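Chain residues, written in single-letter form:
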Amino acid sequence: MAAVWILLGKTRFPAELIESSKDHGVRTASVPFDISADFIPDLLREQDERLRQTSAAEPPEAPEFADIIHRSRVMARLIQRARRVAIRNVPVLIEGESGTGKEMFARAIHRASTRRERPFVAVNCGAIPGELIESELFGHEKGAFTDAKQPRKGYFEAADGGTLFLDELGELPGPAQVKLLRAVQEGEVVRLGATRPFKVDVRIVAATHRTLTEEIAAGRFREDLFYRLAVAVLKIPPLRERTGDLGGLVDHLLDQVNREAAAEPGYREKRLSAGARNLLVAHMWPGNVRELLNTLRRAAIWSDSAAISSEDVREALLPVAAVVRQDLLAKPLGGGFNLPELLKDVARSYLQRAMDEAHGNKTRAAELVGLPSYQTLSNWLAKYEVQG
Ligand SMILES: Nc1ncnc2c1ncn2[C@@H]1O[C@H](COP(=O)(O)OP(=O)(O)OP(=O)(O)O)[C@@H](O)[C@H]1O
Ligand SMILES: [Mg+2]
C-alpha cells in the first residue's frame with residue numbers, strides 16, 4: 001500500500017507524503033525519486049518493489065560524488081538522490097542549463113553503479129551530423145553505405161555492460177529518436193545494413209539543457225521515448241540558485257587552474273585578491289560552473305602578478321552577463337546609446353559563449369551561432385577580438 005501512495009504522490013497526484021510510526025511519530029516521508037507517470041507496468045512493478053525495500057534505507061557512502069563541490073542544500077539533496085539512483089539499473093535523465101555539471105553527475109552515477117568496471121561511453125547527440133547518427137549509435141556493416149569500407153561497432157555495442165551517456169539528447173533528430181526507442185524497448189540493436197538484431201545490455205543516462213516536456217509540446221521530441229528515458233529525473237539547479245556554493249567552487253577551480261598550468265614555463269601560482277574574489281562571488285554566472293572555470297582560466301592568464309586583481313577578473317568576465325541581464329530592446333536612446341557598440345557586445349558575448357560551449361571546436365561553435373562554416377566563424381572571432 002505504501003508503495004502505491006508513493007507512486008501516486010510522485011506521478012498523477014503530486015502530494016506531500018506523511019508517515020507515522022510508534023518510534024518516530026508523524027513525519028514527512030522523503031522519497032528519493034521523481035517518477036514519470038506513464039512508464040510501462042512491468043518496469044513499474046519492479047521499481048515499486050525496489051523502492052519499497054530501499055526508500056527507508058540510507059544509500060551507501062559513495063566517494064564517486066566527492067568531487068562535486070557544493071555547500072548548498074539543494075545540491076546536497078540532489079547528490080543524495082543521485083547516489084540512490086546510481087545503484088539501481090534504471091535510465092536517468094539529467095536536466096540542467098549549460099555548464100551546470102550534467103556530465104560530472106553522469107560520470108559519478110556510472111562510477112557508483114554496479115557497472116563501474118564496464119565502459120562509460122559519452123556521445124554528444126548534438127555534435128554528430130544528422131546522416132551519421134544512426135551508424136554512430138548502432139554501427140554498420142561493410143558496404144551499408146558508400147563510405148562504409150569496414151564494419152564498425154556503434155556506441156551501443158561499445159557500451160555493452162556499461163553506461164551510454166547520451167548528452168544533449170534534446171538535439172536528436174526524429175528518425176534517430178524512433179530507432180533509439182526501439183533499441184531501449186527491445187534491448188537490442190541492428191547495425192545499418194545488417195538483418196539480424198543482437199542483444200545489448202546498456203544503461204542509458206541522458207542529459208539535456210532543454211526542458212524535454214516543452215520539446216514534446218512543441219512536437220520536437222517523442223513522448224514515448226521521454227517516458228522510457230525519464231524514469232529517474234535529476235534537475236541540476238543553475239549556479240545562481242545554489243546559495244553558498246560559489247566560495248568553495250572558486251577555491252576548488254582556482255586550484256585546478258593552477259594545477260593545469262603548473263608545468264607551463266614561467267607560470268606563477270595565482271591566488272585571488274579580496275576584490276577579485278568579491279567580484280566573482282557577486283556575479284550571476286549565466287554560463288554556470290563552466291563559465292566560472294573559464295573566467296578563472298582567462299584571469300590567471302591575464303594577470304601578470306601572483307595575485308589576480310579585480311581588474312583582471314573584470315576583463316576576464318564575459319560581456320554576455322552584463323548584456324543579457326538588461327532588456328536589449330528597451331534601452332533608452334541618446335545619452336551615450338551606441339548601436340554599433342551594442343551589436344558588437346552581443347556578437348562578442350555569443351561568440352565567446354559558443355567557443356566555451358564547443359570546447360574550442362570551431363566547426364561546432366559555428367553551428368551553435370548559425371554561421372555557415374568554421375572559416376566564417378574565424379573571421380568573426382578576429383573581427384570581434386574573441387580568442388579562438
Ligand atoms: N559542483 C562542481 N564541482 C566541481 N567542478 C564542477 C562542478 N560542476 C561542474 N564542474 C566543472 O565544470 C565543468 C563543466 O561541467 P560539466 O561538463 O559536467 O557540465 P555540463 O552541464 O555537462 O556542461 P555543458 O552544458 O557545457 O556540456 C567541468 O570542468 C566540471 O568538472
Ligand atoms: Mg556537457
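For the structure, check the block above.
The notes below deal with the structure included here. (Residues numbered from 1 in each chain as written. Chains lettered and ligands numbered in written order. Predicted model: local features only at pLDDT ≥ 70, side-chain atom pairs only at ≥ 80, totals over all residues. Heavy atoms only, no water.)

**Describing a nonpolar patch on the surface**
So, point 1. A surface patch of nonpolar side chains, amounting to about 410 Å² of accessible area, comprises L333, F337, L339 and L343.
So, point 2. The residue F337 is located in the loop between α14 (319-325) and α15 (339-357) in this model.
So, point 3. Residue classification places F337 among the partly exposed positions, given a relative accessible area of 31%. (Patch = residues over 30% accessible without salt bridge, like charges linked within 9 Å, V, L, I, M, F, W, Y side chains within 5 Å. Areas by Shrake-Rupley, 256 points an atom, 1.4 Å probe, with all protein chains shown as cover. Salt bridge = Lys/Arg side-chain N within 4 Å of Asp/Glu carboxyl O. Helix = DSSP H or I, 4+ residues; strand = E, 2+ residues; numbered from the N terminus. Buried < 20%, exposed > 50% of the residue type's maximum accessible area, 1.4 Å probe, protein only.)

**Concerning the nonpolar core**
So, point 1. Among the nonpolar cores identified, the biggest contains 31 residues, and F156, L164, L166, L169, L180 and I204 are the most heavily contacted of them.
So, point 2. Contributing elements (two or more residues each) for this core: β4 (120-124), α5 (133-138), β5 (163-167), α7 (174-186), β8 (203-208), α8 (212-217) and α9 (223-229).
So, point 3. Per element, the largest residue contribution to this core is 4 residues, and it comes from α7.
So, point 4. Counting residues in each nonpolar core, the second largest holds 24 residues, with A86, F165, A207 and I236 among its members. (Core = buried A, V, L, I, M, F, W, Y, C linked by side-chain atoms within 4.5 Å.)

**Examining the pattern of salt bridges**
So, point 1. Evaluated as defined, the whole model comprises 17 salt bridges.
So, point 2. The closest approach of N and O atoms between E97 and R240, which form a salt bridge, is 2.5 Å. Here E97, found in the loop between β3 (92-95) and α4 (102-111), pairs with R240, found in the loop between β9 (232-235) and α10 (245-261); they are 143 residues apart in sequence, far enough to count as distant.
So, point 3. The shortest N-O distance in the salt bridge between R107 and E103 comes to 2.8 Å.

**Points about unusual backbone geometry**
So, point 1. Within the chain, W285 stands out as a residue other than glycine whose phi angle is a positive 50°.
So, point 2. Mapping W285 onto the fold places it in the loop between α11 (274-282) and α12 (288-302).
So, point 3. A relative accessible area of 0% means that W285 is categorised as buried.
So, point 4. A positive phi angle, near 60°, is found at N288, a position not held by glycine.
So, point 5. Tracing the chain through its elements places N288 in helix α12.

**A look at the sheet that holds β4**
So, point 1. What the 5 strands build is an open sheet, ordered β4-β5-β8-β3-β9; its pairing is parallel. Since the sheet does not close on itself, it has two edges, and those belong to β4 and β9, each with one partner. Neighbour-to-neighbour, the strand axes of the sheet open up by a mean angle of 15°, direction not taken into account.
So, point 2. Sheet topology places β4 next to β5; 5 bridges connect them, and they run parallel. Within the sheet, the bridge partner assigned to A122 lies in β5 and is F165. (Pairing = 2+ DSSP bridges. Axes fitted to C-alpha atoms, helices over the stretch in contact; angles between N-to-C directions.)

**Focus on the packing of aromatic side chains**
So, point 1. By the definition in use, this model includes 4 aromatic pairs.
So, point 2. Geometrically, the ring pair formed by F120 and F165 is stacked, given 5.9 Å between the ring centres and 25° between the ring planes. In this pair, F120 is assigned in strand β4 and F165 in strand β5, connecting sequence segments 45 residues apart. Taken individually, F120 and F165 each receive the classification buried, so the pair is uniform in this respect.
So, point 3. Arranged with centres 5.8 Å apart and planes meeting at 50°, the rings of W380 and Y384 form a pair that is tilted. (Phe/Tyr/Trp six-rings, centres within 6.5 Å; stacked < 30°, edge-to-face > 60°.)

**Observations concerning the site of ligand 1**
So, point 1. Taken together, 15 residues surround ligand 1, and among them I69, G99, K102, M104 and R290 come closest.
So, point 2. At 3.0 Å from an oxygen atom of ligand 1 is found a main-chain nitrogen or oxygen belonging to G99.
So, point 3. Between ligand 1 and T100 there is a distance of 3.2 Å, counted from an oxygen atom to a backbone nitrogen or oxygen.
So, point 4. With the chains in place, 88% of the 630 Å² that ligand 1 exposes on its own is no longer accessible.
So, point 5. Counting residues per element, the ones that place at least two in the shell around ligand 1 are α4, α10 and α12. (Near = heavy atom within 4 Å. Polar contact = N/O pair within 3.5 Å; in protein donor to acceptor, adjacent residues only side chain to side chain.)

**Some details on α12**
So, point 1. Between its terminal C-alpha atoms α12 stretches 21 Å, which fits the 21 Å expected from 15 residues at 1.5 Å a residue.
So, point 2. In terms of burial, α12 is largely enclosed, as 11 of its 15 residues are buried.
So, point 3. Within α12, burial applies to N288, V289, E291, L292, L293, N294, T295, L296, R298, A299 and A300.
So, point 4. The elements touched by buried residues of α12 are α10, β10 (271-272), α11, β11 (307-308), α13 (310-316) and α15. (Expected span 1.5 Å × (residues − 1). Contact = heavy atoms within 4.5 Å.)

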